[in-house]
Amino acid sequence: MKFGYFDDANREYVITQPDTPLPWINYLGCQAYFGIISNTAGGYSFYRDARLRRVSRYRYNNVPYDLGGRYIYLRDDDSGEFWSPSWQPTRNDLEDYTCRHGLGYTIIGSRYSGIEAHSTYFVPLGEDLEIWRLTLTNRRSKPASLSVYSSIEFCLWDANDDATNFQRNFSIGEVEIEDGVIYHKTEYRERRNHFAYFACSRKTEGFDTQREAFVGPYRGWEKPLAVERGKLSNSVAHGWAPIGAHHVELQLGPDETQEVIFLLGYHENPQEQKFDPPASQTVNKKTVKPVIAKYLNFADVDAAFEKLRQYWDGLLAVCQVETPDVHTNRMVNIWNAYQCMATFNMSRSASFYESGIGRGLGFRDSNQDLLGFVQMVPARARERILDLAATQLPSGGAYHQYQPLTKRGNNDVGSNFNDDPHWLIVGVAAYLKETGDWSILDEPVPYDNAPGSEQPLYEHLQRSFQYTLDRLGPHGLPLIGRADWNDCLNLNCFSDTPGQSFQTTTNKDGKVAESVFIAALFVLAGRELAEIALRRGRTDEAQRDLAEVARMEDTVREQGWDGEWFLRAYDDFGRKVGSKECAEGKIFIETQGFCVLAGIGLDDGRAHAAMESVAKHLATEHGIILQQPAYSRYYLELGEISSYPPGYKENAGIFCHNNPWVMIAETQVGNGDRAYDYYARINPSAREPISELHRCEPYVYAQMIAGRDAPTHGEAKNSWLTGTAAWNYYAVTQWILGIRPTFEGLEIRPVVPKGWRGFKATRLFRGVTYNIAVTREGEGNQVALKVDGEPWESTVVPAPVEGQREVAVEVTLK
Ligand code: GLC
Ligand code: GLC
């Protein structure tokens, strides 16, 4: 069952039923000011940091959980009837409800009692504000007297404190109202130089800024007393819960259309110009007034919306494909690329599954995310890499997370996730391959942000590599530390006390438990590092790296192979994890995918065997599950993984992030049919017809789909902010379609299904557009290229002569 449809031409998903199985959201903003918006206008906004600069309030664990948002109420002043054109919060039976989630904007439309309403929500590029543009049309045969009410609940900035510290917060709320603009200035008098504002393009009949005056005692957003009465009380918030609400009256003739703009924004004043007059405690509004005036102007709003469209068109134009599969096209051309930008902006901080008050930016996550967005925003990728590297520790280890506002490592979570440092190498390699910008390696970057500790980025990569060599365990495999990629395989935690963190509680000295996964990652990263060293003329270093890589590969073959698949780890007792000897958790996906994609076992049959074992033991119709059999009880020595009920999350859920590793591995062993088949199983667009089961948005990947041990097999959770976005994009574009940036140039080596007659693609790479046409002539994966009509020996297309902006590449598959 579907709850809407894809409008590919407009690059929108159109939801046609408001009560979707879960709130289906979109993101507003792509630079500094951001918002989450659900299909019923629920959600919240923030400036840069979802925890520390929350602009509007979100009430956690609400029912339904997107309640609270950018609500507009319409009231028929003749009958007194009122409703929400976005369905929530009044939930009237709307006609023609549609929610169009597009790239950086959402338009919610509906019709009720002959009144058509469309609200367009977006954040103009380069501005710290959001526009709600309401378009009303009277489809009645008679004139209509309408009232429009806006509403937003302000957050007192630190979202965590806002949700918990009531003894203080109920007394500190402050606002100012001037010319119909509501200014939220809690804590402005003392240590803040920023405030929020809420403005309206029309003359207002009244306002409210105290929540209780607006909603009334013992009422909620679904039935505000002020809207019911048709009159706001011009309340001024002193403490309690500051809100913004305007009242606008409209007379609409038959078929007449009128528009209203509401602006919600964030603004900072220079520290010495906070007040006006300077000796007062009144907010200086001189700097913000021009911004407000501009975006209350319809022509400027039109222009800003058009600019936003062009911005996204530009980003997506970097890679466009035309394959025989609509789901592949849609995801690659629109939604997967878009989701990669969301993970770039948000990392794992703010969604309806990530609270925005928990995690900062993950070191491991953000480096992997680069694989999905570096081609769209290379300059920002560069900045991200340097920020990440600056949180690396002198040991080569890394803070597991850092805070986006301060760019400092997060001490609460600390370090010792022993896979972390290698992802920096993977991220930097992806950046170099895409851009050819070798200068980044010479950038001086501090360790742990300590001034004076700066060294070239290249040196950071060396330390990442060395970090593992300094931490080898009894079998010669890397010690796992707190966890490797799988945050829930906690082999040194041994936690038996409620409330302890599985990740940071460490009861063992960590000198025994080893990770085969980190070994594979070390091999992959080590190869990249050797290539980088070679190109910097550091032949001796390259040789040393390759020797260590070869040694690690031998170790994996000897100590990390279980007969039919790769082992997962050794626990603190030196016992195997992920072996046929285990009672549960005999086989894990991570090492099958990652060892093979790192090239281990490609020449000795192990890769092939590992892939067969995945197909036999782990593949389900809804995707590949993380391990089998699921853990049916808690294992103290394994940690959080066995705390989840069977089939969920890391305990045998379909953890979509690592499915693409297997897809890439399948392309490495030449099996395009299977690579594509695995891709199709978790592709959200392909799963759209089973939306009632899948439940999450059909336009973005979810972190997890319940595995076959779960009672809800096939149900997705934790959509949007997941490494799945980058890895699937990378797997399908670079390995299945085979359009792959390398240090030398653009390689084209597809491994696609036998049944595909071919496909087309355009790829902007280092300033040149490659027009690629692939034709299948045989059933295999052998590739022959013609570049601008001339046969070309290798699969890597050389850079064209200076000044040539387009290259035609014909590819024959035999
Ligand atoms: C979450 C984390 C990621 C981790 C994965 C597996 O997605 O963000 O860092 O690798 O879970 O545990
Ligand atoms: C939990 C989740 C895991 C995530 C981790 C982040 O362990 O199961 O997916 O990576 O939290 O701290």
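My aim in this report is to walk through the structure given alongside it, one point at a time. Here the structure is a predicted model, which is why all the values come from computation and not from measurement. (Residues numbered from 1 in each chain as written. Chains lettered and ligands numbered in written order. Predicted model: local features only at pLDDT ≥ 70, side-chain atom pairs only at ≥ 80, totals over all residues. Heavy atoms only, no water.)

Counting secondary structure elements, the protein contains 19 helices and 42 strands. Scaling as 2.2 N^0.38, a compact globule of 814 residues should have a C-alpha radius of gyration of about 28 Å, and the protein matches this with 28 Å. When the backbone C-alpha atoms are referred to their principal axes, the protein occupies close to 80 × 60 × 55 Å. When the accessible area of the protein is evaluated, it comes to approximately 28200 Å², of which 48% is carbon and sulfur surface. Across the protein, the centroid of the 84 positively charged side chains sits 2 Å from that of the 107 negatively charged ones. (Helix = DSSP H or I, 4+ residues; strand = E, 2+ residues; numbered from the N terminus. Rg over C-alpha atoms; globule rule 2.2 N^0.38 Å. Areas by Shrake-Rupley, 256 points an atom, 1.4 Å probe, with all protein chains shown as cover. Lys, Arg positive; Asp, Glu negative; His and termini not counted. Charge placed at Lys NZ, Arg CZ, Asp CG, Glu CD.)

In this chain, Q88 is followed by P89 through a cis amide linkage whose omega measures 0 degrees. Along the polypeptide, P89 turns up in the loop between β8 (82-83) and β9 (95-101). Following Q628, the chain continues to P629 via a peptide bond in cis, the omega torsion being -20 degrees. With respect to the helices, strands and loops of the structure, P629 is situated in the loop between β31 (627-628) and β32 (654-655). One non-glycine residue with positive phi stands out, namely N61, at about 60 degrees. Mapped onto the elements of the fold, N61 is located in the loop between β6 (54-56) and β7 (71-76). Relative accessible area serves as the criterion here: at 76%, N61 is assigned to the exposed category. (Buried < 20%, exposed > 50% of the residue type's maximum accessible area, 1.4 Å probe, protein only.)

It is worth spelling out the sheet that holds β32 at this point. One open sheet accounts for three strands, arranged β32-β33-β34; its pairing is antiparallel. With partners counted over all chains shown, the strands left at the sheet margins are β32 and β34 (716-719), one partner each. The pairing of β32 with strand β33 (residues 702-705) spans two bridges and is classified as antiparallel. Across the sheet, the residue bridging to I654 is I705, located in β33. (Pairing = 2+ DSSP bridges.)

Glancing now at the pattern of salt bridges. Scanning the entire structure with this criterion turns up 66 salt bridges. In this structure, R189 engages E174 in a salt bridge whose closest nitrogen and oxygen atoms are separated by 3.0 Å. Linking R189 in the loop between β15 (181-184) and β16 (194-200) with E174 in the loop between α2 (166-169) and β14 (175-178), this pair joins segments that are 15 residues apart in sequence. (Salt bridge = Lys/Arg side-chain N within 4 Å of Asp/Glu carboxyl O.)

Nonpolar side chains in soluble globular proteins tend to end up buried together. Core analysis: the biggest nonpolar cluster contains 253 residues, and L136, F214 and F594 have the highest contact counts within it. Leave out the neighbours within four places in its chain, and F214 touches Y73, S150, S151, D208, W221, P224, L225, A226, V227, L232, I243 and A245. (Core = buried A, V, L, I, M, F, W, Y, C linked by side-chain atoms within 4.5 Å. Contact = heavy atoms within 4.5 Å.)

A word on the site of ligand 1. Close contacts around ligand 1 come from R359, R364, D365, W485, N486, D487, E650, F655 and Q703, and that covers them all. Taking R364, its side chain carries an N or O atom lying 2.8 Å from an oxygen atom of ligand 1. E650 places a polar side-chain atom, nitrogen or oxygen, 2.5 Å from an oxygen atom of ligand 1. Expressed as a share of its isolated accessible area of 310 Å², the protein-covered part of ligand 1 is 96%. At a threshold of 2 Å from the grid points, most atoms of ligand 1 map onto the second largest pocket. Of the residues that constitute the shell around ligand 1, the class distribution is two nonpolar, two polar and five charged. (Near = heavy atom within 4 Å. Polar contact = N/O pair within 3.5 Å; in protein donor to acceptor, adjacent residues only side chain to side chain. 1 Å grid on protein atoms, 1.4 Å probe; cavity = no way out; pocket = protein on both sides within 12 Å on 5 of 7 lines; lining within 4 Å. Sits in = over half its atoms within 2 Å of the grid points. Nonpolar A, V, L, I, M, F, W, Y, C, P; charged D, E, K, R; others polar.)

The subject of this paragraph is the packing of aromatic side chains. Applying the stated criterion across every chain yields a total of 56 aromatic pairs. Consider the rings of W312 and Y338, whose centres lie 4.9 Å apart with planes at 70 degrees: the pair is edge-to-face. On the criterion of sequence distance, the pair formed by W312 in helix α6 (residues 298-316) and Y338 in helix α7 (residues 326-346) is long-range, its members being 26 residues apart. We classify Y338 as buried; its relative accessible area is 4%. Through a chain of ring-to-ring contacts, the aromatic side chains of F3, F6, Y13, W24, Y27, Y311, W312, W335, Y338, Y699 and W720 assemble into a single cluster. Here R54 stacks its cationic end above the ring of Y44, 3.9 Å away from the centre of that ring. In this structure, K508 is placed above the aromatic ring of F494, and the distance from its NZ or CZ to the ring centre is 4.5 Å. (Phe/Tyr/Trp six-rings, centres within 6.5 Å; stacked < 30°, edge-to-face > 60°. Lys NZ or Arg CZ within 6 Å of the ring centre and 35° of its normal.)

On to the sheet that holds strand β39 (residues 783-787). The six strands lie next to each other as β20-β37-β38-β42-β39-β40, forming an open sheet whose pairing is mixed. Sheet topology places β20 (319-322) and β40 (790-792) at the edges, where each strand pairs with a single neighbour. Adjacent strand axes in the sheet meet at a mean angle of 20 degrees when their direction is disregarded. The sheet contact formed by β20 and strand β37 (residues 758-765) spans four bridges and is antiparallel. Within β37, the position partnered with Q320 by the bridge is T762. (Axes fitted to C-alpha atoms, helices over the stretch in contact; angles between N-to-C directions.)

Over the atoms, a rolled probe matching the size of one water molecule traces out where space is still vacant. Quantified by volume, the largest pocket comes out at close to 870 Å³. Lining of the largest pocket is provided by 34 residues; of these, K433, E528, Y730, W735 and R740 occupy positions nearest its centre. If you list the elements that add at least two residues to the lining of the largest pocket, you get α10 (420-435), α12 (516-535), α16 (659-668), α19 (724-736) and β35 (739-741). Considering only residue class, the lining of the largest pocket consists of 17 nonpolar, seven polar and 10 charged. By volume, the second largest pocket is sized at about 710 Å³. E354, R359, D487, K649 and Q703 are, among the 39 residues lining the second largest pocket, the residues nearest its centre. Where the lining of the second largest pocket is concerned, the elements lending two or more residues are β21 (361-362) and α8 (363-373). Tallying contributions element by element places α8 first for the lining of the second largest pocket, with three residues. Classifying every residue of the lining of the second largest pocket gives 12 nonpolar, 18 polar and nine charged. (Points joined across faces, edges and corners; volume = space filled by probe spheres on them.)

Attention now moves to the packing of helix α9 (residues 378-389) against α10. One way to put it is that α9 packs onto α10 with a least axis distance of 11 Å and a crossing angle of 155 degrees. Considered as vectors, α9 and α10 are oriented roughly antiparallel to each other. Seen along the crossing, α9 lies across α10 with a hand that is left-handed. Residues P378, A381, R382, I385 and A389 of α9 form the contact with α10, whose own contacting residues are L424, G427, V428, Y431 and T435. (Parallel < 35°, antiparallel > 145°, perpendicular 65-115°, else oblique. Left-handed = near helix turned anticlockwise from the far one by under 90°.)

For the rest of this paragraph, the subject is the site of ligand 2. All residues adjacent to ligand 2 are R359, D487, C488, Q503, E640, Y644, K649, E650, F655 and Q703. One of the side-chain nitrogen or oxygen atoms of Y644 is found 2.5 Å away from an oxygen atom of ligand 2. In the environment of ligand 2, an oxygen atom lies 2.7 Å from a nitrogen or oxygen atom belonging to the side chain of E650. Put simply, ligand 2 lies in the second largest pocket. Split into classes, the residues belonging to the shell around ligand 2 amount to three nonpolar, two polar and five charged.

So, on to the pairing of β16. Most of β16 is tucked away: seven of the seven residues are buried. Here β16 shows a buried face lined by H194, A196, F198 and C200 and a second buried face lined by F195, Y197 and A199. Bridge count between β15 and β16: three bridges; the pairing is antiparallel. Looking at the pairing, H184 lines up with A196 of β16.

This part is about the environment of A607. Positionally, A607 belongs in helix α15 (residues 606-617). On the accessibility criterion, A607 (1% relative accessible area) is buried. Separated by 460 residues in sequence, A607 and S147 have C-alpha atoms that sit 67 Å apart. Apart from residues lying up to four places away in sequence, A607 is in contact with V596, I600, G601, L602 and V669.

The analysis is restricted to geometry; functional conclusions fall outside its scope.
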